[in-house]
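A structural walkthrough
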Protein chains: 4
Amino acid sequence: METNNLSIFNELESEVRSYCRSFPAIFNKAKGYKLWDVEGNEYIDFFSGAGALNYGHNDPKMKAKLVDYILNDGIAHSLDKATAAKAEFLEKFNNVILKPRNMEYKVMFPGPTGTNTVESALKLARKVTGRTDVISFTNGFHGMTIGSLSVTGNSFKRKGAGIPLQHVVTMPYDSFVNDELDTLEYLERFLEDNGSGVEIPAAMILETVQGEGGINAARFEWLQKVESICRRFGILLIVDDVQAGVGRTGTFFSFEKAGITPDIICLSKSIGGYGLPLALTLINPKYDIWEPGEHNGTFRGNNLAFVTATEALTYWETDSFEKSIQEKSDKITEFLVGLTVKYPQIKGTVRGRGFMQGIATEVDGLASDIAKAAFERGLIMETAGPEDEVFKLFPALTIDNEGLEKGFAIIEESIKSLVNEKEPVSS
Amino acid sequence: METNNLSIFNELESEVRSYCRSFPAIFNKAKGYKLWDVEGNEYIDFFSGAGALNYGHNDPKMKAKLVDYILNDGIAHSLDKATAAKAEFLEKFNNVILKPRNMEYKVMFPGPTGTNTVESALKLARKVTGRTDVISFTNGFHGMTIGSLSVTGNSFKRKGAGIPLQHVVTMPYDSFVNDELDTLEYLERFLEDNGSGVEIPAAMILETVQGEGGINAARFEWLQKVESICRRFGILLIVDDVQAGVGRTGTFFSFEKAGITPDIICLSKSIGGYGLPLALTLINPKYDIWEPGEHNGTFRGNNLAFVTATEALTYWETDSFEKSIQEKSDKITEFLVGLTVKYPQIKGTVRGRGFMQGIATEVDGLASDIAKAAFERGLIMETAGPEDEVFKLFPALTIDNEGLEKGFAIIEESIKSLVNEKEPVSS
Amino acid sequence: METNNLSIFNELESEVRSYCRSFPAIFNKAKGYKLWDVEGNEYIDFFSGAGALNYGHNDPKMKAKLVDYILNDGIAHSLDKATAAKAEFLEKFNNVILKPRNMEYKVMFPGPTGTNTVESALKLARKVTGRTDVISFTNGFHGMTIGSLSVTGNSFKRKGAGIPLQHVVTMPYDSFVNDELDTLEYLERFLEDNGSGVEIPAAMILETVQGEGGINAARFEWLQKVESICRRFGILLIVDDVQAGVGRTGTFFSFEKAGITPDIICLSKSIGGYGLPLALTLINPKYDIWEPGEHNGTFRGNNLAFVTATEALTYWETDSFEKSIQEKSDKITEFLVGLTVKYPQIKGTVRGRGFMQGIATEVDGLASDIAKAAFERGLIMETAGPEDEVFKLFPALTIDNEGLEKGFAIIEESIKSLVNEKEPVSS
Amino acid sequence: METNNLSIFNELESEVRSYCRSFPAIFNKAKGYKLWDVEGNEYIDFFSGAGALNYGHNDPKMKAKLVDYILNDGIAHSLDKATAAKAEFLEKFNNVILKPRNMEYKVMFPGPTGTNTVESALKLARKVTGRTDVISFTNGFHGMTIGSLSVTGNSFKRKGAGIPLQHVVTMPYDSFVNDELDTLEYLERFLEDNGSGVEIPAAMILETVQGEGGINAARFEWLQKVESICRRFGILLIVDDVQAGVGRTGTFFSFEKAGITPDIICLSKSIGGYGLPLALTLINPKYDIWEPGEHNGTFRGNNLAFVTATEALTYWETDSFEKSIQEKSDKITEFLVGLTVKYPQIKGTVRGRGFMQGIATEVDGLASDIAKAAFERGLIMETAGPEDEVFKLFPALTIDNEGLEKGFAIIEESIKSLVNEKEPVSS
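All values reported here derive from a predicted model rather than from experimental measurement.

Take the overall build of chain A next. Within chain A one finds 14 helices and 17 strands. Taking 2.2 N^0.38 as the reference for a compact globule, 427 residues should give roughly 22 Å; the C-alpha atoms of chain A span a radius of gyration of 21 Å, in line with that estimate. Counting only C-alpha atoms, chain A reaches 60 × 55 × 45 Å along its principal axes. Buried residues in chain A amount to 69% of all 427 residues. Pairs at least 24 residues apart make up 73% of the contacts formed inside chain A by residues separated by at least 6 positions.

Moving on, we come to the pairing of strand β3 (residues 42–45) of chain B. Residues and elements named next belong to chain B. As paired strands, strand β2 (residues 34–37) and β3 are joined by 3 bridges and run antiparallel to one another. Residue Trp36 lies in a different strand from β3, and its bridge partner there is Glu42. Taken together, β2 and the strand that follows it, β3, pair antiparallel across an intervening segment of 4 residues, in which Gly40 is found at a positive phi of about 90°. Where β3 and strand β15 (residues 379–380) come together, 2 bridges link them in parallel fashion.

Turning our attention to helix α12 (residues 320–342) of chain C. Along its 23 residues, α12(C) runs 33 Å from first to last C-alpha, staying within 8% of the 33 Å computed at 1.5 Å per residue. Along α12(C), the residues classified as buried are Phe321(C), Ile325(C), Lys328(C), Ser329(C), Ile332(C), Phe335(C), Leu336(C), Leu339(C) and Thr340(C).

Glancing now at the interface of chain A and chain B. Listed as interface residues are 106 residues of chain A and, on the opposing side, 106 residues of chain B. Across the chain A to chain B interface the summed buried area is about 9100 Å²; carbon plus sulfur atoms make up 64%. Between the two partners, chain A and chain B, sit 8 salt bridges. For the salt bridge of Lys86(A) with Glu13(B), the shortest nitrogen-to-oxygen distance reads 3.1 Å. Taken together, the residues that form the side of chain A that touches chain B break down as 53 nonpolar, 29 polar and 24 charged.

So, about the relation of the copies chain A and chain B. The operation relating chain A to chain B is a screw motion whose rotation component is 180°, with 0.0 Å of axial translation and a residual RMSD of 0.1 Å. Given the turn and translation reported, the copies of this chain are related as if by a two-fold rotation axis. Identified as the residue of chain A closest to the rotation axis by C-alpha distance is Ile146(A), at 2.7 Å. With an isologous cut-off of 70% or more, the 100% of interface residues of chain A that recur at the interface of chain B puts this contact in the isologous class.

Residues and elements named next belong to chain C. Spatially, the 7 strands line up as an open sheet ordered β4-β12-β11-β10-β7-β5-β6, and their pairing is mixed. The outermost strands of the open sheet, each flanked by one partner alone, are β4 (106–108) and β6 (168–171). Across the sheet, the mean angle separating the axes of adjacent strands is 20° when strand polarity is ignored. Two strands pair when backbone bridges link them, and β4 and strand β12 (residues 280–283) are joined in this way by 3 bridges, in the antiparallel orientation. Across the sheet, the residue bridging to Val107 is Leu282, located in β12. Lying on the sheet, helix α10 (residues 220–233) is in contact with β5 (134–137), β7 (203–206) and β10 (236–240); it crosses β7 at an angle near 160°.

This next bit is on the state of the cysteines. A complete count under the given rule lists 0 disulfides over all chains for this structure. Unpaired in terms of disulfides, Cys230(C) finds its nearest cysteine sulfur in Cys266(C), a separation of 14 Å.

This next bit is on the side chain of Lys123(A). Inspection of the secondary structure assignment puts Lys123(A) in helix α6 (residues 114–129). Here Lys123(A) sits buried without a salt bridge, and the closest side chain of opposite charge, Glu119(A), lies 6.1 Å off (N-O distance). If we skip the residues at most four places from it in the chain, Lys123(A) touches Trp290(A), Glu294(A), His295(A), Met144(B), Leu149(B), Gly160(B) and Ala161(B).

Strand-to-strand pairing in sheets goes through backbone hydrogen bonds, with the strands running parallel or antiparallel. Residues and elements named next belong to chain A. Strand order in the open sheet formed by 4 strands is β1-β2-β3-β15, and the pairing between neighbours is mixed. Pairing within the sheet leaves two strands with one partner each, and these edge strands are β1 (27–31) and β15 (379–380). As defined by bridge partners, β1 adjoins strand β2 (residues 34–37) across 4 bridges and the pair is classed as antiparallel. Bridging across to β2, Lys31 finds its partner in Lys34.

The next subject is the domain arrangement of chain A. Residue and element names in this part refer to chain A. As far as domains go, chain A holds domain 1 (62–316) and domain 2 (319–390 + 412–421). For domain 1 and domain 2, the distance between their C-alpha centroids amounts to 27 Å. Across the domain 1 to domain 2 interface the summed buried area is about 1700 Å²; carbon plus sulfur atoms make up 58%. Its largest share of buried area at the contact with domain 2, domain 1 owes to Ile215, Arg248 and Gly250, together 31% of the area lost on that side. Scanning the region where domain 1 abuts domain 2 turns up 1 salt bridge.

With the rule as written, the count across this model stands at 108 salt bridges over all chains. For Glu15(C), the salt bridge is made with Lys106(D), and the minimal N-O distance between the two is 3.7 Å. You can see Glu15(C) sitting in the loop between α1 (7–12) and α2 (19–22) and its partner Lys106(D) sitting in strand β4 (residues 106–108), one on each of two chains. The network of salt bridges with shared partners includes Glu188(A), Arg189(A), Glu192(A), Asp193(A) and Arg232(A).

Once that is clear, we can look at the environment of Pro386(D). Residue and element names in this part refer to chain D. Note on placement: Pro386 falls in the loop between β16 (382–384) and β17 (390–393). In this structure Pro386 comes out as buried when scored by relative accessible area, which is 19%. Taking C-alpha positions, Pro386 is 25 Å from Gly407, a pair spaced 21 residues apart along the chain.

Looking now at the packing of aromatic side chains. Taken as a whole, this structure holds 100 aromatic pairs over all chains when the rule is applied. Judged by centre distance (6.5 Å) and plane angle (90°), the ring pair of Phe46(A) and Phe408(A) falls under edge-to-face. Here Phe46(A), found in the loop between β3 (42–45) and α3 (48–51), pairs with Phe408(A), found in helix α14 (residues 401–419); they are 362 residues apart in sequence, far enough to count as distant. Pair check on accessibility: Phe46(A) and Phe408(A) agree, each one buried. With centroids separated by 5.2 Å and ring planes inclined at 55°, the aromatic side chains of Phe176(A) and Phe190(D) adopt a geometry described as tilted. In this pair, Phe176(A) sits in the loop between β6 (168–171) and α9 (183–192) while Phe190(D) sits in helix α9 (residues 183–192), so the two residues belong to two different chains. Taken as a pair, Phe176(A) and Phe190(D) share a single burial class, namely buried. Through a chain of ring-to-ring contacts, three or more aromatic side chains come together here, namely Tyr55(A), Phe89(A), Phe93(A), Phe109(A), Phe252(A), Phe253(A), Phe255(A), Phe306(A), Tyr315(A), Trp316(A) and Phe321(A). One residue, Lys81(B), lies across the ring of Phe27(A), its end atom 5.9 Å from the ring centre. In this structure, Lys392(C) is placed above the aromatic ring of Phe394(C), and the distance from its NZ or CZ to the ring centre is 4.6 Å.

What follows deals with the environment of Leu71(C). Tracing the sequence through the fold places Leu71(C) in helix α4 (residues 60–71). Along the primary structure Leu71(C) and Asn94(C) are separated by 23 residues, whereas in three dimensions their C-alpha atoms are 28 Å apart. Ignoring sequence-local partners within four residues, the contact set of Leu71(C) consists of Lys63(D) and Val67(D).

This next bit is on the confidence of the model for chain A. Per-residue confidence for chain A gives a mean pLDDT of 96, with 98% of residues at or over 70. ipTM for the predicted complex: 0.96, alongside a pTM of 0.96.

On to the side chain of Arg158(D), then. Structurally, the position occupied by Arg158(D) is in helix α8 (residues 155–159). Among buried charged residues, Arg158(D) stands out as having no salt bridge; its nearest opposite-charge side chain is Glu199(A), 5.5 Å away. Sequence-distant contacts of Arg158(D), that is, excluding residues within four places in its chain, are made with Gly197(A), Leu149(D), Ser150(D), Val151(D), Thr152(D), Gly153(D) and Leu165(D).

Quick look at the nonpolar core now. Side chains that are nonpolar tend, in soluble globular proteins, to be buried together. Residues Phe93(A), Phe93(B), Phe93(C) and Phe93(D) are the most contacted members of the largest nonpolar core, which totals 488 residues. In this structure, Phe93(D) is in contact with Leu98(D), Val107(D), Phe252(D), Phe253(D), Leu267(D), Ile271(D), Leu280(D), Leu282(D) and Leu313(D), ignoring residues within four places of it in sequence.

Quick notes on the rules
Residues numbered from 1 in each chain as written. Chains lettered and ligands numbered in written order. Predicted model: local features only at pLDDT ≥ 70, side-chain atom pairs only at ≥ 80, totals over all residues. Heavy atoms only, no water. Helix = DSSP H or I, 4+ residues; strand = E, 2+ residues; numbered from the N terminus. Rg over C-alpha atoms; globule rule 2.2 N^0.38 Å. Buried < 20%, exposed > 50% of the residue type's maximum accessible area, 1.4 Å probe, protein only. Contact = heavy atoms within 4.5 Å. Pairing = 2+ DSSP bridges. Expected span 1.5 Å × (residues − 1). Buried area = accessible area lost by both parts, 1.4 Å probe. Salt bridge = Lys/Arg side-chain N within 4 Å of Asp/Glu carboxyl O. Nonpolar A, V, L, I, M, F, W, Y, C, P; charged D, E, K, R; others polar. Least-squares fit on C-alpha atoms with pLDDT ≥ 70 in both. Axes fitted to C-alpha atoms, helices over the stretch in contact; angles between N-to-C directions. Disulfide = S-S within 2.5 Å. Lys, Arg positive; Asp, Glu negative; His and termini not counted. Domains from an automatic or database assignment. Phe/Tyr/Trp six-rings, centres within 6.5 Å; stacked < 30°, edge-to-face > 60°. Lys NZ or Arg CZ within 6 Å of the ring centre and 35° of its normal. pLDDT = per-residue confidence, 0-100. Core = buried A, V, L, I, M, F, W, Y, C linked by side-chain atoms within 4.5 Å.

Next up, the structure:
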């Protein structure tokens, strides 16, 4: 295979394939924030596996540990039997992440994907409360299996279910109607009023920054008020930190600065460190009332991922990593704000937090065009939002300034190349 | 970590953990059909990751390819972008598996777990037909997310959902009522009669041999009749070959000898070869009507698994592997039948097919006791069935005669040690 | 209005109207088993308001009481306030019906229609057991509101819901597959097996003779076995006696001869005596755990119906009415069996019990043709069954021999007129 | 029966009975706005059968027609066969109600209760649009069968279902959050945003004044905006006029002054005139796509109700009835406003419109106490709202000034007797 000839995919792979359409090349190597295709072309990765590669590709220390483990015939697949690799991960996760944050949680391994941790969280919240309904929020994204999909807002994805999605009430996320309106006043009235038709739910589930939903960041006060409503009505608070967690917004957990304490936390994507499938469900110990095996799965024990996940936690042993994320986040903000000022034609608004920022543009189709133009110039970047109206910057947290600036340059060039052609549409 | 001290798991891991309770040791190495714990104790593996390790642990050829790939900075995580590793897998899967069997299918990568392929299959069948209901079968097991759980029979698992599981009608699997009754006569009447309350469903989903459900093997005639009913009423036939596929019953697909042609096939577990998370959904091309991205997931592109999966297919390039499975299957049957004759006290009946056989015992609790006694003697073996009434033999397909015989010896000793103590209960 | 001109109905009434299509005349008077249209044509009524007119039209004693009550300004509408008319009904119902049969039940007035008593029964069974599912039977008919419709088998009616109908499992009614197969063996296996996918339901609901479903009469042994299965698993038994009750099968309750004791009984149709809307839900006192007002409705207190219902119970004060029903039932059977023998071309089988009998014909469309031919000759008679394959005789229980024989004659003539034209279709 | 001895009800009637607990007397006669119990005590009726007796009890003209019809052996029960009584009703309804208002609707007789017309409306809207969801509003009340209950807000009633109520999204009714917030801005955002998790529904269903929900009157502008949102998104607008219709708010249909044109209108309660069970579903002709018999029921043809309903329409032949309602409505408003001023201790707010007004009191339990005290003084009056916080005045529309003033006097006395005892609670 020496050319970017996609015919084998066109012939054999299902129509459902998607990113290979936006990024039509055959990739074979990767390192840090860079990717190469089979023709040797280099790409800067501002997508990072949709948040699964926060540490970049093929981190050298993780790689060394991984190869070592495999060469030593370390057990690869173990279901949920106890293994040495798992024990090490648990211990380090407790010491590096939970304890220093005064967090006490039981760790569940629910199957190695984001949707699986969400499904386990919903099950457990229903079991704990004996209630069936869950409150989710507009433009939330939680996964594609029926349980997770039912709390996901996107109508295209929902229709894919082929059945009505139920036991869920969608409430307005922060700033859903406009920036002034307090959407939680509305939510709270529904819970207070016995005639509202909305039952007290088992749980509320939310992302603190909505990735797929359009890089919407909830204000900390809003998150705090959600937490207090949950406490008032005895509702479990589930934070789905699959995408916003593991440093993406600047802290290990995305909700640290909001000062809230979720009852259940969903982690996946970058928790495995190297891009290997892994997921955790963190549970307030008083709610850990599972029966043994009540939720299970074949790939709960992906030991290769335990090995890299353990090594990845080293990044969090001191606060220097966090600091560097925050410094670079500021650069990203500065760059994006600069773009909106410099190119008013894109009618852009900066959204997001940390390494999870983007620009929402009112010009129809422009975000996708920018992403496309950027790819042609060697940058991989995705769009988000119900109308794909946001282009989003998701570099690896480990990217250096040079990488960032190269990426910025490509984005700016891409915009420039478009704003001259494209007339803004008045909204 | 030098002792089998499970305290870290007891402290930090959720109550949901299960196999670490049945097999209380900390495993760290594995090779072929053997496992070792941190104290250096050796175990024979008659469980094989619940069917995810059909090629045994850490197969040397796969291991070499895997290490090579990692050392070369092969791309590890790629979402569903095109990669060289994926292209190679697709090509080899087509050449070694599909073409020689005259099978034409589109390949979907739905997320790397069994439940994910099942969820994708159900979605697609509903989309294709515009219908909502699905027929599943008694004692079927298809996964733990809400869509898959709804077609799973086990009441303990179903209750875990915390919500009513719907859009599903359960019909009796082969021999469900008794061996004489043709369960499909019932099923067909329900579909024929406009007043039956059962709608023509989008699909029927089934395993040809039910693993979790108690090692129930459907007769080939029964499978053929299911297929013909599906054709008669325009119902899609989904075969969930997650556990029974990839050689477990003697052929690559479990339904080959039945001569049926499913519309959708679910594969996972051993498809990755090395125990790494991977799943495929095979789709009759005429039903591949997905919109791009209509079902997606972060870990669709687990390239390490593509590498080992590709190497694993080498086993199927000639028919010698199939032959060896069948020879050893006969030994397993012979051994199990022998046990039921020699130890009438266990009131046992042999069930299953190929490397997926077991004994159902009428003596309450005996199957679990045998598994426990076997573990104490260094054999890992699981129970199955709605009352855990079956102990099942799931060795690696690559096991040699010595390994098989060692395992047999431990099982027989375990039984001997129990039948003297335990009085059979008249059912 | 002096001609049978239906234009006002065609113009103003919804397309949903149906019987006015089968019986295109404008009726204005009625007495006993006779009806007259505005042109003065006389019809014999073998339909009896689908079982709501078991005492015939405008019974003179009921009429006298009714007029008296109205002239005296008796309260007509009372919600569920206590009224004198209701007290009299309760007392007489207890003395004439319940006590002599050693039946102890609480009486609920759930709204004045059949579907309302069924909805209340389902709610209560779910409340009592805390379970959600209900078992219904193939070809059962229980009403058209969403709760009742969900336990109704007919696919045309079910589709009308516009939403999936859930929380229900349909099991095969007696003789559903064929006359030999014990459908309850099948049902019982589903309940016994923890892996069957069928939960222990809140209730089973059934008609002892299915009217709309095709005049299928369950054998008494079958009913007894249903009852014993319900007892074994702690399932409530609901008998929907809306159509088969109030004497239609020969006894006041249709299940008396089977010797079973339902936990909840649904009554409507003829319970009002004069064809006025009324319904009762009879509840085993230990299950009467409703909260006040938990189920309600505006027309629970239709006092005009209480007045006629009370008078109607007089028929049951001695056993002479029951005897006369049974004698005439035998005549109906004899007549119908005679028809099947005399006209083998209709390929007919006699079905049913008491005043709820009919002939199922294998000749496609013949039952409807016979009903049509009969109407042209002055007899009103309906068809039933999932393919309208049964013509059914539903005369008033008070009909005299002359009336019966006139009706018989018309039916035979109608058949004669058709069998010469129509070739039987081999099934 | 000569005393108000309720023992027969306590013994035989289900615990579900409710109004006989609030109004512990045995009623036997009624005339206009008065009721008498068996002891001869007289009561003023400010309840009017929850809106089923808008013309008062036993209206002399209706009574005469009714008795005449019965004495002449008019057909009482006719299913949906054509009858002379039904033809007359249809014609007069068209001439007196529809035509003068330029309304063109097909008339469906869905079974004789409010819940039945609502169930038929929901079915039809789903059939017309092919969608499953329906939007209902907070504190709406539409009935007690599963379909209607699913669009009803009250949590106590909803729990009675025993199953989750689905395919419904509850949106905030006018003034739900507070008087300033435009609740439709929320609703519209949910419909506009593809990621909101709320599908475009088949229909919106609402009452223009919510009776059971607490006498909440929507502003006309709000109703107009609902209509325009429905038009914008192709959603059917269903007005449930079961309680607010037939003059209760001052015009025949409650929405006339708002100037909106519902696609489907539900009528029951007072449409029968005399308190006899009857219901209509009015359908925009272009949506009348029912198949014959797709929704049916035994008591669609309650001819006694057709006779009184036809006579009742005479009230609407001129505009004098409407005028008199409006004059008396003003008196009711004046009286209630006066109360809130004169008795600030009750912390009351006047709510409602026309003959459907009441006072919401912030003093916990006071509304019920006032209703109780009024009953002791000979007035029948009910409470409403999710916390029973409203006492409501529902006199017959035909009441004279003397009757109104007597009622007012009793209410004021009742309040006086309580405000001295009861300390207001600060909310």
